[in-house]
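Structural features, examined
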Amino acid sequence: AFGRGVGVRARVGARVGARVRARARAFGALAAEDAKELQRLVPRSVTDSESLINFNRDWTGQFEGNSPLVLQPRSVAEVQEALAYCTNRRIAVVPQGGNTGLVGGGIAYSGEVVLSLSRMDAILDIDADSGVVTCEAGVVLERLAEALAPHGLVPPIDLGAKGSCQLGGIASTNAGGLRFCRFGSLLGNVTGLEVVRADGEVLDLMNVCRKDNTGYPLRQLFLGAEGTLGVITKVALAAAPKPESVQVAFLACASLDAVLGALRLAKRRVGEILSAFELVDAVALQSVAALPQVDADRLGLSLRQPYYVLLETYGSDAGRDQAALGAFLEEALAAESVEDGVLAQDETQASELWRLRELCPTAAAASGYVYKYDLSLPLRSWEAFTEECRGRMEPYPDARVHVWGHAVDGNIHLNIVTPEAREDVRTALEPWVYDYVAKRGGSISAEHGIGVLKLGAFQNTKAAAAQETMSAVKKLLDPNAILNPGKILRG
Ligand SMILES: Cc1cc2nc3c(=O)[nH]c(=O)nc-3n(C[C@H](O)[C@H](O)[C@H](O)COP(=O)(O)OP(=O)(O)OC[C@H]3O[C@@H](n4cnc5c(N)ncnc54)[C@H](O)[C@@H]3O)c2cc1C
């Protein structure tokens with residue numbers, strides 16, 4: 001788990017908030033009698049200013065909202081009552097999970113009511129045979145992992161925010177995470193959803209079997225909808241068998257081309273057991289190593305190369321996996337794809353190596369204001385892209401370029417860190433970054449979503465007909481546009 005609100009609140013966050021506020025003005029302020037009625041319908045709520053901060057400020061500290069009322073329903077019936085009332089009274093609602101999203105999507109900028117799913121956190125069923133687990137939306141990912149372990153299962157997704165993010169939140173952002181190459185997308189692993197529509201009707205899309213071809217796959221609509229189409233109240237998820245053998249290596253590489261060479265080789269030599277191939281550059285790793293909770297010396301990392309790779313395998317036979325990994329390493333060293341490395345000797349060391357990767361966002365946030373870009377870009381373009389980016393940052397000696405990402409998925413996290421928010425740095429980066437990936441067939445948001453942060457880039461790069469179709473779907477499901485107004489689509 002990590003602390004909330006690391007980093008600094010800054011002007012740029014306020015600017016984004018102000019833009020959203022102007023568009024959502026049609027809803028007006030929450031009237032006292034509406035607040036009272038909503039608190040009658042949903043008895044658990046938060047209204048005191050000190051506690052509201054936890055819901056009004058996001059993890060990055062860059063987005064700050066002003067909701068006067070957080071409702072904490074404990075049942076689907078309470079969610080239904082609240083949404084039906086809000087639709088009738090045209091009161092805007094922002095669904096919220098663990099508030100770890102990175103694009104400002106779960107924040108209420110215009111005095112909307114926040115609907116927090118945190119109190120709906122029951123694990124309802126674990127089918128150890130099929131691996132399908134059914135949960136309320138507020139279950140925190142790490143708690144699910146703990147509950148699955150005795151059944152020999154693991155969640156089909158893992159990410160650095162696991163101590164706080166909730167199943168409803170990861171489903172609503174269609175989060176990718178650290179083992180995407182092994183488990184695949186939530187679009188495949190979420191077998192069922194229960195969703196409450198804006199008018200309070202329950203959409204029962206639950207299914208505890210993997211296969212279901214009965215008409216349009218409606219549940220897919222809500223995966224990645226960021227709370228704009230409905231409120232997810234239950235999630236059925238296909239968990240995976242816990243691996244018998246986990247091997248972790250932390251490798252140093254001399255260039256991004258060398259990383260690419262190592263990845264090609266890993267796919268050939270350990271492809272069938274590869275569960276992660278994560279990139280961290282030296283700048284990001286140095287800032288992680290500087291965190292008080294990290295003892296990089298103890299792990300024997302030299303920090304002399306510009307790039308590092310965390311390679312993990314999930315297999316069923318430790319002897320066979322170690323032999324395959326050893327053969328890969330020998331070949332990678334001979335080919336100079338890898339210069340040096342550390343092999344985890346036990347579970348503790350493996351999780352310490354993983355922490356180096358997982359703490360990258362925390363370390364960047366602790367160093368200053370972060371311009372975050374979560375991009376899909378073919379791996380062969382990463383070298384030229386990062387070089388051009390560093391060139392663009394040369395006029396700003398304070399700016400540090402941190403690169404990490406899910407290399408095997410072509411998902412690069414580019415983070416420019418400056419001591420404080422600077423509009424000129426943003427202008428040097430945007431729209432250049434977005435145009436660069438769009439021209440190369442990539443994505444301006446590989447896994448974090450659109451929220452408010454990428455609203456402009458989304459509108460500039462997504463095909464007009466696709467945006468029109470999304471607006472039509474939104475109108476159908478939420479005719480009064482009360483759900484998360486100003487996120488993904490302009491209000
Ligand atoms: C340290 C760190 C590491 C991360 N690593 C990754 C990573 O590797 N891969 C990745 O994909 N993402 C990553 N993320 C971002 C990721 O999007 C979130 O961590 C997670 O998916 C959001 O879950 P949450 O419960 O916190 O949702 P929130 O932040 O509360 O909400 C996110 C969005 O979903 C909506 N929402 C939330 N709950 C519901 C619901 N029940 N019904 C309808 N809408 C809802 C909100 O309105 C908002 O638009 C990381 C974040 C952090 C802080």
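Refer to the structure printed above.
Residues numbered from 1 in each chain as written. Predicted model: local features only at pLDDT ≥ 70, side-chain atom pairs only at ≥ 80, totals over all residues. Heavy atoms only, no water.

Structural notes on the overall build of the protein
Where we set the bar: Helix and strand labels come from DSSP, where a helix needs a run of H or I of at least four residues and a strand needs a run of E of at least two; each type is numbered from the N terminus. As a reference, a globule follows 2.2 Å times the number of residues to the power 0.38, and the radius of gyration itself is taken over C-alpha atoms. Each residue's exposure class comes from its accessible area (1.4 Å probe, protein chains only) as a fraction of the maximum for that residue type: buried when under 20%, exposed when over 50%, partly exposed otherwise. Whether two residues are in contact is decided by their heavy atoms, any of which lying within 4.5 Å being enough. Calculation of accessible area relied on Shrake-Rupley with a 1.4 Å probe; when residues are assessed, cover is drawn exclusively from the protein chains displayed. Charged residues are defined here as Lys and Arg on the positive side and Asp and Glu on the negative side; His and the ends of the chain fall outside this count. In this description, the location of a charge corresponds to atom NZ of lysine, CZ of arginine, CG of aspartate or CD of glutamate.
Looking only at helices and strands, the protein has 19 helices and 18 strands in total. A globule of 491 residues ought to have a C-alpha radius of gyration of about 23 Å, and the protein, at 22 Å, matches this closely. By principal-axis analysis of the C-alpha atoms, the protein measures approximately 70 × 60 × 45 Å. The buried share among the 491 residues of the protein stands at 55%. For the protein, long-range pairs separated by at least 24 residues make up 76% of all intrachain contacts whose partners lie at least 6 apart in sequence. Just so you have it, the protein exposes about 20300 Å², and 49% of that area is on carbon and sulfur atoms. Of the side-chain charges in the protein, 50 are positive and 58 negative, and the distance between the mean point of each set is 6 Å.

Let's talk about the sheet that holds strand β16 (residues 369-376)
The following threshold applies: Pairs of strands are assigned from DSSP output, requiring at least two bridges between the strands. Working convention: axes come from line fits to C-alpha atoms, limited for helices to the stretch in contact. Angles between N-to-C directions cover 0 to 180 degrees.
Read across the open sheet, the seven strands follow the order β15-β12-β14-β13-β17-β18-β16; overall the sheet is antiparallel. Looking along the sheet, the strands with just one partner apiece sit at the ends: β15 (340-343) and β16. The mean inter-strand angle of the sheet, taken between neighbouring strand axes irrespective of direction, is 15°. Bridge count for strand β13 (residues 274-281) against strand β17 (residues 400-406) is two bridges, and the pairing is antiparallel. From the neighbouring strand, Val280 faces β17, where its bridge partner is Trp404. Its contacts with the sheet put helix α11 (residues 282-289) on β12 (245-253), β13, β14 (307-315) and β17, and the angle it makes with β17 is roughly 95°.

Some details on the packing of aromatic side chains
What counts here: Between 30 and 60 degrees the pair is tilted, below 30 it is stacked and above 60 it is edge-to-face, where a pair is any two Phe, Tyr or Trp rings, Trp via its six-membered ring, whose centres lie within 6.5 Å. Counted as over-ring charges are cases with an Arg CZ or a Lys NZ within 6 Å of the ring centre that also lie within 35 degrees of the ring normal.
Counted by the stated rule, this structure contains eight aromatic pairs. Between Phe250 and Tyr308, the aromatic rings sit 6.1 Å apart at their centres with planes inclined by 20°, giving stacked as the arrangement. One end of the pair, Phe250, is in strand β12; the other, Tyr308, is in strand β14, with 58 residues separating them in the sequence. Members of the aromatic cluster, connected to one another through ring pairs, are Phe385, Trp432 and Tyr436. Directly above the aromatic system of Tyr436 lies the positively charged group of Arg440, at a separation of 3.6 Å from the ring centroid.

Observations regarding the environment of Leu83
Structurally, Leu83 can be placed in helix α4 (residues 76-89). Sequence-wise, Leu83 and Ala198 are 115 residues apart; in three dimensions their C-alpha atoms are separated by 5.5 Å.

Here we look at the site of the ligand
Operational definition: We call a residue near a molecule or strand whenever a single non-hydrogen atom of that residue lies within 4 Å of it. In protein, a polar contact requires one atom able to donate a hydrogen and another able to accept it; more generally it is a pair of N or O atoms within 3.5 Å, and residues adjacent in sequence count only if both atoms are side-chain atoms. Per the annotation, domain bounds derive from an automatic or database assignment of domains.
The full set close to the ligand counts 35 residues, and Pro95, Gly97, Gly98, Thr100 and Gly101 are the nearest of them. A distance of 3.2 Å separates a nitrogen atom of the ligand from a polar backbone atom of Gly177. The backbone of Ile232 places a nitrogen or oxygen atom 2.9 Å from a nitrogen atom of the ligand. If the ligand stood free it would expose 970 Å²; the protein chains cover 97% of that surface. Of all elements in the fold, only β3 (93-96), α6 (167-173) and β10 (231-238) reach the threshold of two or more residues within the shell around the ligand. Per element, the largest residue contribution to the shell around the ligand is five residues, and it comes from α6. Residue assignment places the shell around the ligand across two domains, with domain 1 (123-241) and domain 3 (361-450) each supplying three or more.

Quick notes on the pairing of strand β9 (residues 202-205)
Burial of β9 is one-sided: the residues Leu203 and Leu205 facing one way are buried, the residues Val202 and Asp204 facing the other way are not. What sits between the antiparallel neighbours strand β8 (residues 190-196) and β9 is a turn of five residues, in which Gly200 has the positive phi angle 95°.

Observations concerning the packing of α11 against helix α14 (residues 360-367)
Let me state the cut-off plainly: Oblique is the label for every angle not falling under 35 degrees (roughly parallel), over 145 degrees (roughly antiparallel), or within 65 to 115 degrees (roughly perpendicular). Residues are grouped as follows: Ala, Val, Leu, Ile, Met, Phe, Trp, Tyr, Cys and Pro are nonpolar; Asp, Glu, Lys and Arg are charged; all remaining types, including Gly, are polar.
Running from N to C, α11 and α14 point in directions that differ by 80°, and their axes come no closer than 8 Å. The orientation of α11 relative to α14 falls into the category roughly perpendicular. Residue-level inspection shows Ala284, Ser287 and Val288 of α11 in contact with α14, the latter providing Cys360, Ala363, Ala364 and Ser367. For the contact of α11 with α14, a count of residues per class yields five nonpolar, two polar and no charged.

Observations regarding helix α12 (residues 318-334)
Where we set the bar: To estimate how far a helix should reach, multiply one less than its number of residues by 1.5 Å. Taken from the helix axis, the directions to the C-beta atoms give the arc we talk about.
The end-to-end C-alpha separation of α12 is 24 Å, in line with the 24 Å expected for 17 residues at 1.5 Å each. By the burial criterion, the buried members of α12 are Asp321, Leu325, Phe328, Leu329 and Ala332. Projected down its long axis, α12 carries its buried residues within an arc of 100°, all on one side. Residues Arg320, Ala323, Glu330 and Ala334 are exposed on α12 and point more than 90 degrees away from its buried face. Tucked inside the fold, the buried residues of α12 contact β12, α10 (256-270), β14 and β15. Near the N-terminus of α12, the side chain that reaches the backbone nitrogen of Gly319, with its oxygen 3.1 Å away, is that of Asp317.

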